[in-house]
Every structure is written in C-alpha cells, then in structure tokens.
Amino acid sequence: MNTVDKATDSTENINGHKVHNVEEIQIPVPWGYLSGKWWGPMDQQPIVAIHGWQDNAGTFDKLIPLLPSNVAILAIDLPGHGLSSHLPSGQFYYVFWDGLVILRRLVKYYNWNKVKLLGHSLGGAISFLYAAFYPDEVEFMISLDIASPSVKDVAKNVAILSDSIDKFLKYELLQSDSIPSYSYDEVLSIVEDAYKGSITRESAIILMKRGLRPANESERYYFSRDPRLKVSALGTISLDMVLIYATRIKCAYLNIRAIPGLKLDYPESYDKVLDQIKIGAKRFEYHKVEGTHHVHLNYPEKIAPIINSFIST
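- In the nomenclature of an unreviewed UniProt entry, the protein is known as Probable serine hydrolase isoform X1 of Apis mellifera.
- Regarding the protein, the relevant UniProt record gives this comment under Sequence similarities (unreviewed entry): "Belongs to the AB hydrolase superfamily."

**Observations concerning the overall build of the protein**
(1) Moving on: Counting secondary structure elements, the protein contains 10 helices and 10 strands.
(2) Moving on: For the protein, the C-alpha radius of gyration of 19 Å lies close to 20 Å, the compact-globule estimate for 313 residues.
(3) Moving on: Judged by the C-alpha coordinates and their principal axes, the protein covers about 55 × 50 × 40 Å.
(4) Moving on: Considering the protein as a whole, with its 313 residues, one finds that 50% of them fall into the buried category.
(5) Moving on: Across the protein, every contact between residues at least 6 apart in sequence was considered, and the portion connecting residues at least 24 apart equals 76%.
(6) Moving on: With an accessible surface of roughly 14400 Å², the protein has 52% of that area assigned to carbon and sulfur atoms.
(7) Moving on: Positive and negative side-chain charges of the protein, numbering 32 and 35 respectively, have mean locations separated by a distance of 4 Å.

**Digging into the packing of helix H5 (residues 184-194) against helix H6 (residues 201-211)**
(1) Moving on: Packing of H5 against H6 leaves a shortest axis separation of 9 Å and a crossing angle of 110°. Comparing the axis directions of H5 and H6 gives the class roughly perpendicular. Seen along the crossing, H5 lies across H6 with a hand that is right-handed. Across the interface between the two elements, Tyr-184, Asp-185, Val-187, Leu-188, Ser-189, Val-191 and Glu-192 from H5 touch Arg-201, Ala-204, Ile-205 and Met-208 from H6.
(2) Moving on: Its residues assigned to classes, the contact of H5 with H6 shows seven nonpolar, one polar and three charged.

**Quick word on the side chain of Ser-181**
(1) Moving on: With respect to the helices, strands and loops of the structure, Ser-181 is situated in the loop between helix H4 (154-171) and H5.
(2) Moving on: Ser-181 gets classed as buried once you look at its relative accessible area, which sits at 15%.
(3) Moving on: Residues contacting Ser-181, with those up to four places away along its chain left out, are Ala-215, Glu-217, Arg-220 and Tyr-221.

**Focus on the sheet that holds strand E1 (residues 22-29)**
(1) Moving on: On the basis of which strands lie adjacent, the open sheet formed by eight strands has the order E1-E2-E4-E3-E5-E6-E9-E10 and mixed pairing. Edge positions in the sheet fall to E1 and strand E10 (283-291), since each of these pairs with one other strand and no more. For this sheet, the mean inter-axis angle between neighbouring strands, taken without regard to orientation, is 20°.
(2) Moving on: Bridge count for E1 against strand E2 (residues 32-39) is eight bridges, and the pairing is antiparallel. Bridging across to E2, Gln-26 finds its partner in Ser-35.
(3) Moving on: Lying over the sheet, helix H8 (residues 268-280) contacts strand E9 (252-260) and E10, oriented at roughly 165° with respect to E9.

**Digging into the pairing of E10**
(1) Moving on: Note that E9 and E10 share nine bridges and pair parallel. Its bridge partner lying in E10, Ala-258 is registered against Val-289.
(2) Moving on: In this region the chain leaves E9, passes through H8 and returns to the parallel neighbour E10; the handedness of that crossover is right-handed.

**Examining the packing of helix H3 (residues 122-133) against helix H7 (residues 239-246)**
(1) Moving on: With their axes 9 Å apart at the nearest point, H3 and H7 run at an angle of 55° to one another. As the angle between them shows, H3 and H7 are arranged oblique. Residues Phe-128, Leu-129, Ala-132 and Phe-133 of H3 lie in contact with H7, whose contacting residues are Val-242, Tyr-245 and Ala-246.

**Some details on the environment of Trp-38**
(1) Moving on: With respect to the element layout, Trp-38 can be found in strand E2.
(2) Moving on: Linking Trp-38 and Ile-25, residues 13 residues apart in sequence, is a C-alpha distance of 6.9 Å.
(3) Moving on: With sequence-adjacent residues up to four places away left out, Trp-38 is seen in contact with Asn-21, Val-22, Glu-23, Ile-25, Gln-44, Pro-46, Ala-72, Ile-73, Leu-74 and Tyr-110.
(4) Moving on: Within the local environment of Trp-38, its side chain forms a polar contact with the backbone oxygen of Pro-41, the two atoms lying 2.9 Å apart.

Parameters and conventions
- Residues numbered from 1 in each chain as written.
- Predicted model: local features only at pLDDT ≥ 70, side-chain atom pairs only at ≥ 80, totals over all residues.
- Heavy atoms only, no water.
- UniProt positions renumbered as here; feature names shortened; annotations may be inferred.
- Helix = DSSP H or I, 4+ residues; strand = E, 2+ residues; numbered from the N terminus.
- Rg over C-alpha atoms; globule rule 2.2 N^0.38 Å.
- Buried < 20%, exposed > 50% of the residue type's maximum accessible area, 1.4 Å probe, protein only.
- Contact = heavy atoms within 4.5 Å.
- Areas by Shrake-Rupley, 256 points an atom, 1.4 Å probe, with all protein chains shown as cover.
- Lys, Arg positive; Asp, Glu negative; His and termini not counted.
- Charge placed at Lys NZ, Arg CZ, Asp CG, Glu CD.
- Axes fitted to C-alpha atoms, helices over the stretch in contact; angles between N-to-C directions.
- Parallel < 35°, antiparallel > 145°, perpendicular 65-115°, else oblique.
- Left-handed = near helix turned anticlockwise from the far one by under 90°.
- Nonpolar A, V, L, I, M, F, W, Y, C, P; charged D, E, K, R; others polar.
- Pairing = 2+ DSSP bridges.
- Right-handed = clockwise from strand over helix to strand, strands pointing away.
- Polar contact = N/O pair within 3.5 Å; in protein donor to acceptor, adjacent residues only side chain to side chain.

So this is what it looks like as structure tokens:
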C-alpha cells in the first residue's frame, strides 16, 4: 500500500464527531467530469462547498464533520483541481469566471431552484459572483476569509500579465513524461513551503489525498492539479465593479474573516464590500477569528460553531 492509499477517507470519529456518510461523485461536463464529495443525506439538496485556488474538495474534510450530520454538503473540485478534469488544451483559466459558469452548470444539472453556498477564498469569490448574478436563486452564502474576487493593484497586475501568458504557453507544452515527480515527503515539504505558513503539515496531508497521482516510478507522485492554474491572473475585476455587484446580493450572508488571514493588495476593500452587502442582505453576519487563511482546515473548531448557528437560524 503506498502513502496515498494510506490517506484515504475514513468514517471513524474525527475530532469527537461522527463523520457523515461520504460518497465520491462525478458530474459530466463537455470536456470530461467534475469530481466531488457528497457528505450526508443523498436525498437532500446539499450546500455547495467550493475550495480555494489550487486547493481541492479536501479543504473541507475537517470542517464538515463538525457540522450537523443531517445536513448534506457537496464539496466539489473545480476544473483543473483535485480529481476533476483539466480544461481542454489551449484553454486559459479565468478562475473567477470559470467557477461562476461551473456553479451554474451544477445548478442546471441538478435542477435546483435555490442554492446554499459555502466558499473559501476563490470559492467565496465565486459564491459572491453567483449571488450577485442570480440574487433570487441563492438562499444563503457563507464566505471564508474573502469578501469578493480579489481587487488587485492594476499597476502590479499589468506588469505580470505578459509573463503569465508566456508561462501559460510553456506549461501547455509539458508532456506527461516531463512532469516532475517527487517522493511523498518531498511533496509535503513543497506544499508547506508554497503555502507560506498558511497550512499545517497535517493539512498538507489532507489536501494531497486528492492533490496527488502516482507516477510511473514506485513511491513517486506528481501533482494532479493543472499547472496552467499557476498563471491564471487574467480576468480580475476592479473595485468599482465589485462594489456594484455587492449591491445586488440579497440572500442571508455570513462572512468569517481570519486574522491575519489572506494578504490583500487593498485591505480596505474587504470592509467596503461588506458594507455594500450589508445594505441588501436578508440577514448579515460578520465574525473575525484568529488564524491563517486556512483556519477552516487547520483549526475548524474555531469556525464550526459560527456556521452551525448561522445555518440553523
């Protein structure tokens, strides 16, 4: 049994809570399939949980067991992440907008009239866009350590876009036999270093359950995510657009911000966006918790009671 096999899901108690029943699912899309983990009752419309950039559905593995076992939750792998199909060759990733379209595909696939959304980072930004674009079709949304699509410093952003495009063209030429492979310990060290202290080693192990695929060599692995995701800088939007979108959100809304959390180009934009959402939201809650950007994965007990209170009201 290799290291990845040892890290498979269990239905044993986690953090003193009985884990929901979990079922792996695949949803067809024109270029392949969308993978996900359906937690809890299969005969109930789930809360849709969406992970952050270059993470995967495993980001919620420690949080969901602390939520009510009678609540269904569908945690998806976005395209190019986790176990989901990569976008077709030649297609650039516009991560915010791709996610919005994917979420709409999901809603249409299951024929849901109203959705409940839980998003971390990129997932929270996608939920924000969906709630703004389809304000009458969202019952509630929970956003973890993000208020909206990231508002970037335009001067900095334009300077890196040309490099991003060139790197994208380079990445798409990678052949399967030229993708680097690593030992499991090397993988964990790479992941911990890349997240710059945002995740613990235990959290890295959890994310790599869906983040690795075995290489041809014994006990070697390569990352399952699409390397083109590294250069998905195109498609960011301005603060004025974000604020207009925020005025359209009218569902019940919960935001949990980690302190110090995510580093932003314009930290003040977080509160500006929330101030706009607060005006139109059916119900509005904002909480701060101590932790890194991945506090929901590292220390889910800090935020689970807040979410439980929100969804039970």
